[in-house]
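Geometric and topological summary
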Amino acid sequence: MTRGDRNLHRQLLLLLKELHLPMFREYYAALANQALQEGMSYSRYLYELAQKEWEVRRAHKIERLVKTSNLPLEKTLSTFDLKRLPLKLRQQVMILLEGDFVQRRENILAFGQPGSGKTHLLCAIGHELVRQGRRIYFTSCDLMVQELLRAKRDLELDKRLKKYARFEAIMIDDFGYVKQEREEMEVLFTLLAHRYERGSLLITSNLPFSKWEMIFKDPMTTAAAIDRLVHHSVILELNVPSYRAEEANKRKKGSAE
Ligand code: ADP
Ligand code: MG
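Reading guide: rules and limits
- Residues numbered from 1 in each chain as written.
- Chains lettered and ligands numbered in written order.
- Predicted model: local features only at pLDDT ≥ 70, side-chain atom pairs only at ≥ 80, totals over all residues.
- Heavy atoms only, no water.
- Pairing = 2+ DSSP bridges.
- Helix = DSSP H or I, 4+ residues; strand = E, 2+ residues; numbered from the N terminus.
- Axes fitted to C-alpha atoms, helices over the stretch in contact; angles between N-to-C directions.
- Contact = heavy atoms within 4.5 Å.
- Expected span 1.5 Å × (residues − 1).
- Buried < 20%, exposed > 50% of the residue type's maximum accessible area, 1.4 Å probe, protein only.
- Near = heavy atom within 4 Å.
- Polar contact = N/O pair within 3.5 Å; in protein donor to acceptor, adjacent residues only side chain to side chain.
- Areas by Shrake-Rupley, 256 points an atom, 1.4 Å probe, with all protein chains shown as cover.
- Nonpolar A, V, L, I, M, F, W, Y, C, P; charged D, E, K, R; others polar.
- Salt bridge = Lys/Arg side-chain N within 4 Å of Asp/Glu carboxyl O.
- Lys, Arg positive; Asp, Glu negative; His and termini not counted.

1. Quick word on the sheet that holds strand 3 (residues 169–173)
Read from one edge to the other, the open sheet built from five strands follows the order 2-3-4-1-5, with strand pairing classed as parallel. The sheet terminates laterally at strand 2 (136–140) and strand 5 (233–238), the two strands that pair on one side only. Pairwise comparison of adjacent strand axes, ignoring direction, gives a mean angle of 15° for this sheet. Across four bridges, strand 3 lies against strand 4 (residues 200–205) in parallel orientation. When the sheet's bridge partners are listed, Ile172 is paired in strand 4 with Ile203. Sheet strands in contact with helix 7 (residues 141–153) are strand 2 and strand 3, and its direction is about 95° off that of strand 2.

2. So, helix 7
With 13 residues, helix 7 should reach 18 Å at 1.5 Å per residue; the first-to-last C-alpha distance of 18 Å fits that figure. Among all positions in helix 7, only Cys141, Met144, Val145, Glu147, Leu148, Leu149 and Ala151 are buried. Tucked into the core, helix 7 has its buried residues touching strand 2, helix 8 (157–165), strand 3 and helix 9 (182–195). Residue Leu155 follows helix 7 closely and has a positive phi angle near 55°.

3. Thoughts on the site of ligand 1
Lining the immediate surroundings of ligand 1 are 15 residues, of which Asp81, Gly115, Lys118, Thr119 and His120 lie closest. Here Gly117 contributes a backbone N or O atom positioned 3.0 Å from an oxygen atom of ligand 1. One nitrogen or oxygen atom from the side chain of His120 is found 2.6 Å from an oxygen atom belonging to ligand 1. Expressed as a share of its isolated accessible area of 550 Å², the protein-covered part of ligand 1 is 85%. Secondary-structure elements contributing two or more residues to the shell around ligand 1 are helix 6 (118–131) and helix 12 (243–256). When residues of the shell around ligand 1 are assigned to their parent elements, the largest contribution, three residues, is made by helix 6. Along the lines of polarity and charge, the residues of the shell around ligand 1 split into three nonpolar, seven polar and five charged.

4. Description of the pattern of salt bridges
All chains considered together, the criterion is met by 10 salt bridges. One salt bridge in this structure joins Glu48 and Arg44, with 3.0 Å as the shortest N-O distance. On the criterion of helical spacing, the pair formed by Glu48 and Arg44 is a turn pair, its members being four residues apart in helix 3 (residues 42–69). The exposure class of Glu48 is partly exposed, given its relative accessible area of 26%. Arg44 gets classed as partly exposed once you look at its relative accessible area, which sits at 42%.

5. Regarding the side chain of Asn107
Tracing the backbone shows Asn107 in strand 1 (residues 107–112). Since its relative accessible area comes to 7%, Asn107 is described here as buried. Among the polar contacts listed, one links the side chain of Asn107 to the backbone nitrogen of Leu201, at a separation of 2.9 Å. Among the polar contacts listed, one links the side chain of Asn107 to the backbone oxygen of Leu229, at a separation of 2.9 Å. Ignoring any residue separated from it by four or fewer positions in sequence, one finds Asn107 in contact with Gly199, Ser200, Leu201, Arg228, Leu229, His232, Ser233 and Val234.

6. Quick word on the side chain of Arg195
Inspection of the secondary structure assignment puts Arg195 in helix 9. One buried charged side chain, Arg195, makes no salt bridge at all; its nearest oppositely charged neighbour is Glu168, positioned 8.6 Å away. Among residues more than four places away in sequence, those in contact with Arg195 are Tyr164, Ala165, Phe167, Glu168, Ala169, Ile170, Ser200 and Leu201.

Below, the structure written as C-alpha coordinates:
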(Lines give C-alpha, C1' and ligand atoms only; values in the text may rest on other atoms or scores of the structure.)
(Ligands and ions follow the chains in the order given, each with its own letter.)
Protein backbone atom coordinates (compact mmCIF):
# COMPACT_ATOMS: atom_id res chain seq x y z
CA MET A 1 0.00 0.00 0.00
CA THR A 2 1.47 3.40 -0.93
CA ARG A 3 1.39 6.35 1.42
CA GLY A 4 -1.35 7.89 -0.71
CA ASP A 5 -3.41 4.70 -0.39
CA ARG A 6 -3.02 4.67 3.37
CA ASN A 7 -4.13 8.28 3.56
CA LEU A 8 -7.15 7.60 1.42
CA HIS A 9 -8.03 4.59 3.57
CA ARG A 10 -7.89 6.70 6.73
CA GLN A 11 -9.97 9.49 5.23
CA LEU A 12 -12.51 7.04 3.95
CA LEU A 13 -12.89 5.34 7.33
CA LEU A 14 -13.60 8.73 8.90
CA LEU A 15 -16.13 9.62 6.24
CA LEU A 16 -17.94 6.30 6.57
CA LYS A 17 -18.04 6.74 10.32
CA GLU A 18 -19.66 10.14 10.00
CA LEU A 19 -22.10 8.81 7.47
CA HIS A 20 -23.01 5.97 9.89
CA LEU A 21 -22.14 3.18 7.49
CA PRO A 22 -20.45 0.63 9.78
CA MET A 23 -20.67 -2.26 7.36
CA PHE A 24 -19.05 -0.19 4.60
CA ARG A 25 -16.24 0.54 7.03
CA GLU A 26 -15.82 -3.08 7.94
CA TYR A 27 -16.03 -4.65 4.50
CA TYR A 28 -15.15 -2.15 1.82
CA ALA A 29 -11.43 -2.99 1.71
CA ALA A 30 -11.77 -6.78 1.77
CA LEU A 31 -14.54 -6.63 -0.78
CA ALA A 32 -12.46 -4.33 -2.99
CA ASN A 33 -9.74 -6.99 -3.10
CA GLN A 34 -12.27 -9.63 -3.95
CA ALA A 35 -13.74 -7.39 -6.65
CA LEU A 36 -10.34 -6.97 -8.25
CA GLN A 37 -9.67 -10.70 -8.26
CA GLU A 38 -13.09 -11.65 -9.57
CA GLY A 39 -13.52 -8.79 -12.00
CA MET A 40 -16.65 -7.64 -10.17
CA SER A 41 -18.39 -4.63 -11.76
CA TYR A 42 -18.50 -1.32 -9.87
CA SER A 43 -22.26 -1.61 -9.53
CA ARG A 44 -22.01 -5.14 -8.16
CA TYR A 45 -19.40 -4.04 -5.62
CA LEU A 46 -21.57 -1.18 -4.38
CA TYR A 47 -24.61 -3.39 -4.31
CA GLU A 48 -22.86 -6.01 -2.14
CA LEU A 49 -21.79 -3.37 0.36
CA ALA A 50 -25.19 -1.70 0.48
CA GLN A 51 -26.82 -5.10 0.94
CA LYS A 52 -24.64 -5.86 4.01
CA GLU A 53 -25.46 -2.47 5.50
CA TRP A 54 -29.16 -3.02 4.94
CA GLU A 55 -29.11 -6.51 6.49
CA VAL A 56 -27.51 -5.29 9.69
CA ARG A 57 -29.87 -2.32 9.99
CA ARG A 58 -32.86 -4.54 9.38
CA ALA A 59 -31.70 -6.98 12.08
CA HIS A 60 -31.28 -4.13 14.57
CA LYS A 61 -34.68 -2.75 13.71
CA ILE A 62 -36.33 -6.14 14.27
CA GLU A 63 -34.48 -6.52 17.57
CA ARG A 64 -35.85 -3.15 18.69
CA LEU A 65 -39.34 -4.06 17.55
CA VAL A 66 -39.23 -7.34 19.49
CA LYS A 67 -38.21 -5.45 22.62
CA THR A 68 -40.88 -2.76 22.38
CA SER A 69 -43.50 -5.36 21.41
CA ASN A 70 -43.41 -6.87 24.90
CA LEU A 71 -44.29 -10.21 23.29
CA PRO A 72 -43.33 -13.28 25.36
CA LEU A 73 -40.14 -14.41 23.63
CA GLU A 74 -40.81 -18.14 23.74
CA LYS A 75 -44.29 -18.03 22.23
CA THR A 76 -43.27 -18.16 18.58
CA LEU A 77 -44.40 -20.16 15.61
CA SER A 78 -41.44 -22.52 15.91
CA THR A 79 -42.61 -23.67 19.36
CA PHE A 80 -46.27 -23.89 18.34
CA ASP A 81 -47.61 -27.20 17.04
CA LEU A 82 -49.91 -26.12 14.20
CA LYS A 83 -50.96 -29.72 13.60
CA ARG A 84 -53.04 -29.56 16.77
CA LEU A 85 -55.41 -27.21 14.97
CA PRO A 86 -58.17 -28.45 12.68
CA LEU A 87 -57.35 -28.04 8.97
CA LYS A 88 -59.71 -25.11 8.40
CA LEU A 89 -58.29 -23.17 11.31
CA ARG A 90 -54.75 -23.93 10.16
CA GLN A 91 -55.58 -22.51 6.75
CA GLN A 92 -56.97 -19.35 8.36
CA VAL A 93 -53.79 -19.02 10.40
CA MET A 94 -51.53 -19.46 7.35
CA ILE A 95 -53.27 -16.53 5.67
CA LEU A 96 -53.01 -14.36 8.80
CA LEU A 97 -49.29 -15.08 9.03
CA GLU A 98 -48.83 -13.22 5.75
CA GLY A 99 -49.79 -10.09 7.67
CA ASP A 100 -52.04 -8.40 5.12
CA PHE A 101 -54.85 -8.13 7.68
CA VAL A 102 -52.80 -5.47 9.48
CA GLN A 103 -52.76 -3.29 6.40
CA ARG A 104 -56.54 -3.68 6.17
CA ARG A 105 -56.75 -2.83 9.90
CA GLU A 106 -58.67 -5.99 10.63
CA ASN A 107 -58.90 -7.55 14.08
CA ILE A 108 -58.27 -11.13 15.14
CA LEU A 109 -60.49 -12.51 17.87
CA ALA A 110 -59.46 -15.89 19.31
CA PHE A 111 -61.91 -17.81 21.46
CA GLY A 112 -61.59 -21.14 23.24
CA GLN A 113 -61.22 -22.93 26.53
CA PRO A 114 -58.30 -22.10 28.82
CA GLY A 115 -55.21 -23.96 27.63
CA SER A 116 -56.39 -24.34 24.04
CA GLY A 117 -53.47 -22.22 22.81
CA LYS A 118 -55.09 -18.82 22.11
CA THR A 119 -52.34 -16.76 23.70
CA HIS A 120 -49.52 -18.76 22.14
CA LEU A 121 -51.11 -18.71 18.68
CA LEU A 122 -51.73 -14.95 18.60
CA CYS A 123 -48.26 -14.26 20.03
CA ALA A 124 -46.82 -16.44 17.25
CA ILE A 125 -48.70 -14.36 14.70
CA GLY A 126 -47.43 -11.23 16.52
CA HIS A 127 -43.83 -12.42 16.23
CA GLU A 128 -44.25 -13.03 12.50
CA LEU A 129 -45.60 -9.49 12.10
CA VAL A 130 -42.56 -8.14 13.96
CA ARG A 131 -40.30 -10.09 11.60
CA GLN A 132 -42.03 -8.30 8.76
CA GLY A 133 -40.99 -5.04 10.41
CA ARG A 134 -44.35 -4.10 11.90
CA ARG A 135 -44.92 -2.33 15.20
CA ILE A 136 -46.80 -4.59 17.61
CA TYR A 137 -47.63 -4.21 21.29
CA PHE A 138 -48.58 -7.06 23.59
CA THR A 139 -50.40 -6.54 26.89
CA SER A 140 -52.95 -8.27 29.08
CA CYS A 141 -56.43 -6.81 29.41
CA ASP A 142 -55.88 -6.36 33.12
CA LEU A 143 -52.63 -4.41 32.69
CA MET A 144 -54.01 -2.31 29.89
CA VAL A 145 -57.06 -1.31 31.93
CA GLN A 146 -54.82 -0.34 34.86
CA GLU A 147 -52.65 1.73 32.52
CA LEU A 148 -55.65 3.46 31.02
CA LEU A 149 -57.15 4.19 34.44
CA ARG A 150 -53.89 5.67 35.64
CA ALA A 151 -53.66 7.81 32.51
CA LYS A 152 -57.24 8.98 32.98
CA ARG A 153 -56.58 9.93 36.58
CA ASP A 154 -53.55 11.94 35.43
CA LEU A 155 -55.66 13.59 32.70
CA GLU A 156 -53.47 11.90 30.12
CA LEU A 157 -55.89 9.47 28.55
CA ASP A 158 -55.66 11.14 25.14
CA LYS A 159 -51.90 11.02 25.22
CA ARG A 160 -51.96 7.35 26.17
CA LEU A 161 -54.41 6.51 23.37
CA LYS A 162 -52.17 8.34 20.91
CA LYS A 163 -49.23 6.29 22.13
CA TYR A 164 -51.18 3.10 21.42
CA ALA A 165 -52.17 4.46 18.02
CA ARG A 166 -48.53 4.33 16.95
CA PHE A 167 -48.72 0.53 16.99
CA GLU A 168 -50.07 -1.17 13.90
CA ALA A 169 -51.42 -4.02 15.99
CA ILE A 170 -52.16 -4.33 19.70
CA MET A 171 -52.65 -7.69 21.34
CA ILE A 172 -54.91 -7.72 24.38
CA ASP A 173 -54.60 -11.04 26.15
CA ASP A 174 -57.46 -12.46 28.24
CA PHE A 175 -60.03 -9.89 27.25
CA GLY A 176 -62.73 -9.59 29.86
CA TYR A 177 -60.61 -10.33 32.90
CA VAL A 178 -61.46 -7.02 34.51
CA LYS A 179 -62.85 -6.31 37.93
CA GLN A 180 -66.40 -5.27 38.28
CA GLU A 181 -66.01 -1.54 38.35
CA ARG A 182 -67.77 0.71 35.91
CA GLU A 183 -64.71 2.90 35.39
CA GLU A 184 -62.71 -0.08 34.17
CA MET A 185 -65.12 -1.10 31.48
CA GLU A 186 -65.48 2.54 30.45
CA VAL A 187 -61.79 2.98 29.65
CA LEU A 188 -61.78 -0.38 27.89
CA PHE A 189 -64.68 0.76 25.75
CA THR A 190 -62.94 4.08 25.06
CA LEU A 191 -59.93 2.15 23.81
CA LEU A 192 -62.04 -0.03 21.49
CA ALA A 193 -63.80 3.02 20.11
CA HIS A 194 -60.50 4.85 19.59
CA ARG A 195 -58.88 1.87 17.94
CA TYR A 196 -61.80 1.25 15.61
CA GLU A 197 -60.61 1.45 11.99
CA ARG A 198 -57.32 2.99 13.19
CA GLY A 199 -55.38 -0.23 13.71
CA SER A 200 -55.65 -3.94 14.37
CA LEU A 201 -56.49 -5.54 17.68
CA LEU A 202 -55.55 -9.13 18.45
CA ILE A 203 -57.76 -10.36 21.25
CA THR A 204 -57.92 -13.63 23.15
CA SER A 205 -60.85 -14.43 25.39
CA ASN A 206 -62.26 -17.34 27.34
CA LEU A 207 -65.64 -15.62 27.28
CA PRO A 208 -67.84 -16.07 24.19
CA PHE A 209 -69.71 -12.95 22.99
CA SER A 210 -72.87 -14.24 24.67
CA LYS A 211 -71.19 -13.59 28.04
CA TRP A 212 -69.72 -10.17 27.25
CA GLU A 213 -72.45 -8.42 29.17
CA MET A 214 -70.47 -9.56 32.20
CA ILE A 215 -67.68 -7.24 30.97
CA PHE A 216 -69.60 -4.22 29.72
CA LYS A 217 -72.55 -4.48 32.10
CA ASP A 218 -75.39 -3.06 30.00
CA PRO A 219 -76.67 -4.57 26.73
CA MET A 220 -76.23 -1.36 24.69
CA THR A 221 -72.55 -0.89 25.49
CA THR A 222 -71.92 -4.62 25.00
CA ALA A 223 -73.55 -4.56 21.57
CA ALA A 224 -71.61 -1.44 20.60
CA ALA A 225 -68.30 -2.97 21.71
CA ILE A 226 -68.90 -6.24 19.86
CA ASP A 227 -70.09 -4.36 16.79
CA ARG A 228 -66.87 -2.33 16.55
CA LEU A 229 -64.63 -5.32 17.09
CA VAL A 230 -66.41 -7.64 14.70
CA HIS A 231 -66.95 -5.19 11.84
CA HIS A 232 -63.57 -5.93 10.23
CA SER A 233 -62.38 -9.10 11.86
CA VAL A 234 -61.32 -12.70 11.63
CA ILE A 235 -62.69 -14.97 14.33
CA LEU A 236 -60.65 -18.00 15.35
CA GLU A 237 -62.50 -20.66 17.32
CA LEU A 238 -60.00 -22.91 19.04
CA ASN A 239 -62.19 -25.89 19.71
CA VAL A 240 -59.27 -28.02 20.81
CA PRO A 241 -58.57 -29.64 24.17
CA SER A 242 -56.21 -28.01 26.66
CA TYR A 243 -52.60 -28.47 25.61
CA ARG A 244 -51.44 -28.64 29.21
CA ALA A 245 -53.98 -31.33 30.13
CA GLU A 246 -53.04 -33.33 27.04
CA GLU A 247 -49.32 -33.12 27.79
CA ALA A 248 -49.93 -34.15 31.41
CA ASN A 249 -51.98 -37.12 30.21
CA LYS A 250 -49.22 -38.15 27.83
CA ARG A 251 -46.70 -38.01 30.64
CA LYS A 252 -48.96 -40.03 32.90
CA LYS A 253 -49.41 -42.69 30.20
CA GLY A 254 -45.67 -42.65 29.52
CA SER A 255 -44.79 -43.31 33.12
CA ALA A 256 -47.45 -46.02 33.47
CA GLU A 257 -45.93 -48.02 30.62
P1 ADP B 1 -54.84 -20.17 26.34
O2 ADP B 1 -54.34 -18.79 26.10
O3 ADP B 1 -55.86 -20.63 25.35
O4 ADP B 1 -55.30 -20.38 27.74
P5 ADP B 1 -52.06 -20.85 26.04
O6 ADP B 1 -51.72 -20.27 24.72
O7 ADP B 1 -51.60 -20.12 27.23
O8 ADP B 1 -53.61 -21.17 26.13
O9 ADP B 1 -51.49 -22.34 26.06
C10 ADP B 1 -51.30 -23.06 27.28
C11 ADP B 1 -49.90 -23.71 27.27
O12 ADP B 1 -49.86 -24.71 26.28
C13 ADP B 1 -48.80 -22.74 26.93
O14 ADP B 1 -47.65 -23.10 27.64
C15 ADP B 1 -48.60 -22.93 25.43
O16 ADP B 1 -47.27 -22.64 25.07
C17 ADP B 1 -48.92 -24.40 25.24
N18 ADP B 1 -49.57 -24.67 23.94
C19 ADP B 1 -50.87 -24.52 23.64
N20 ADP B 1 -51.14 -24.91 22.38
C21 ADP B 1 -49.96 -25.32 21.86
C22 ADP B 1 -49.56 -25.84 20.58
N23 ADP B 1 -50.46 -26.03 19.58
N24 ADP B 1 -48.26 -26.14 20.41
C25 ADP B 1 -47.36 -25.96 21.42
N26 ADP B 1 -47.67 -25.48 22.64
C27 ADP B 1 -48.95 -25.16 22.87
MG1 MG C 1 -54.25 -17.22 27.43
